Amino acid sequence: MALIVQKYGGTSVGNLDRIRNVARRVANSYDDGNDVVVVLSAMSGVTDNLLDLAHQASETPCKREMDVLLSTGEQTTVSLMAITLQEMGYKAESLLGFQADIQTDDSAGKARIMTIGAERIKTLLEARKIVVVAGFQGMDSAGNITTLGRGGSDTSAVAIAAAIKADSCEIYTDVDGIYTTDPRICDKARKLEKISYDEMLEMASLGAKVLQIRSVGFAKKYNVPIHVRSSFNEEVGTMVVNEDSGMEQLLVSGVTLDKNEARITVKRVPDQPGVSAKIFSPLAEKGIQVDMIIQNTRSDGETDLTFTVTKTDFREAIEITKRVAEKMGGKEVLVADDIAKVSVIGVGMKNHSGVASRMFQALADENINIRLITTSEIRISCVIDERYAELAVRVLHDAFELDTL
Ligand code: ASP
Ligand code: MG
């Protein structure tokens, strides 16, 4: 008998039929003798609708009230789930974030979980009740309702699993696991049996949106194994766990694609100390995150600086950069948003050489020009022209033989 946290996403609880379906799964696990805590998202689309309503009511809705509003999506699903379970003859009780004693900091809309007082959940479990907790929400020290940022129910589930020392944390979603790449782009994509926290962190931040990235950080810190699987079938999904020696034998575990960045080049600024600081400080002050940077020094005492920002920040970044470049005597600012970033990820890179060269060769063989490169210990990313994005993903998937491993 185990202590299990099961989290179901918006599609899995999207209507009453699906809620009944989830309730049966929960009940099966309970009937097997397990203690079950269920964490739920809002029905799919509901959080977006609430956001939309608030923005119709005001262009700049107050963040505190936004959190009061957004948290209602999960309030709806947990109560409906408890009612459904009771109707099926089970003892179930729903808890909102504050009732489950999920304490957060006070950054409305993107609050971080500080502590969870597991007592109330434990007491209910001891009475053999199924506990249904609202994901995505908590309470700050002043007693205000807070929310954890989009996709935050994943983090609620992992944090609760850590707090009650659950044996496993199952994240049920509308895909049946983590794939070597996006199956919609590459039909040879294969479901991974397991993946390390660090690889998952790289994948999540690069646009594989299965888990909220913060939940993976949490899982790593508290060593909570996550089982990502589908709520629509019984198949085993993908385990997200600590790195083990078997994982290092693979060179690469996955290929990701991110079309959400845009590129800015400042041509011919003086090659002097302080130039980068002058360009990047004003961007940082506006909260604009710069991802990749390269500098090409010319022979004439000048240099070209190229960097990427997200498409959302692109316009503002162009304005700021033009202003700064002009002041510094920069000759030209070039911009492009038809770019894509392809990355290969794998903990095996730490101990194997030749991954980068294999990646570059595979792209070269298809005549795909690499415009920017960045790396981390377990990732190599290349910016290429957007029109080659899907091709590049397939080529790299083949080059690292990801379909056969
Ligand atoms: N309902 C929230 C959202 O849509 C939280 C979640 O689903 O995890 O972002
Ligand atoms: Mg989600």
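As a starting point, this report considers the structure included with it. (Residues numbered from 1 in each chain as written. Chains lettered and ligands numbered in written order. Predicted model: local features only at pLDDT ≥ 70, side-chain atom pairs only at ≥ 80, totals over all residues. Heavy atoms only, no water.)

Close contacts around ligand 1 come from Ser-41, Ala-42, Thr-47, Glu-74, Phe-136, Arg-150, Gly-151, Gly-152 and Ser-153, and that covers them all. Here Thr-47 contributes a side-chain N or O atom positioned 2.8 Å from a nitrogen atom of ligand 1. Arg-150 has a polar side-chain atom sitting 2.8 Å from an oxygen atom of ligand 1. Contact with the protein chains removes 86% of the 260 Å² of surface that ligand 1 exposes when unbound. Considering only residue class, the shell around ligand 1 consists of two nonpolar, five polar and two charged. (Near = heavy atom within 4 Å. Polar contact = N/O pair within 3.5 Å; in protein donor to acceptor, adjacent residues only side chain to side chain. Areas by Shrake-Rupley, 256 points an atom, 1.4 Å probe, with all protein chains shown as cover. Nonpolar A, V, L, I, M, F, W, Y, C, P; charged D, E, K, R; others polar.)

Take the sheet that holds strand β13 (residues 254–258) next. Ordered in space as β13-β18-β20-β19, the four strands form an open sheet in which the pairing is antiparallel. A single partner strand is all that each edge strand has here, and the edge strands are β13 and β19 (372–376). Within the sheet, the average angular offset between the axes of one strand and its neighbour, ignoring direction, is 20°. Direction of pairing for strand β18 (residues 339–345) relative to strand β20 (residues 379–385): antiparallel, over a ladder of seven bridges. The residue bridging Val-344 from the neighbouring strand is Ile-380, located in β20. Relative to β20, helix α12 (residues 355–365) is tilted by about 20°, and along the sheet it contacts β18, β19 and β20. (Pairing = 2+ DSSP bridges. Helix = DSSP H or I, 4+ residues; strand = E, 2+ residues; numbered from the N terminus. Axes fitted to C-alpha atoms, helices over the stretch in contact; angles between N-to-C directions. Contact = heavy atoms within 4.5 Å.)

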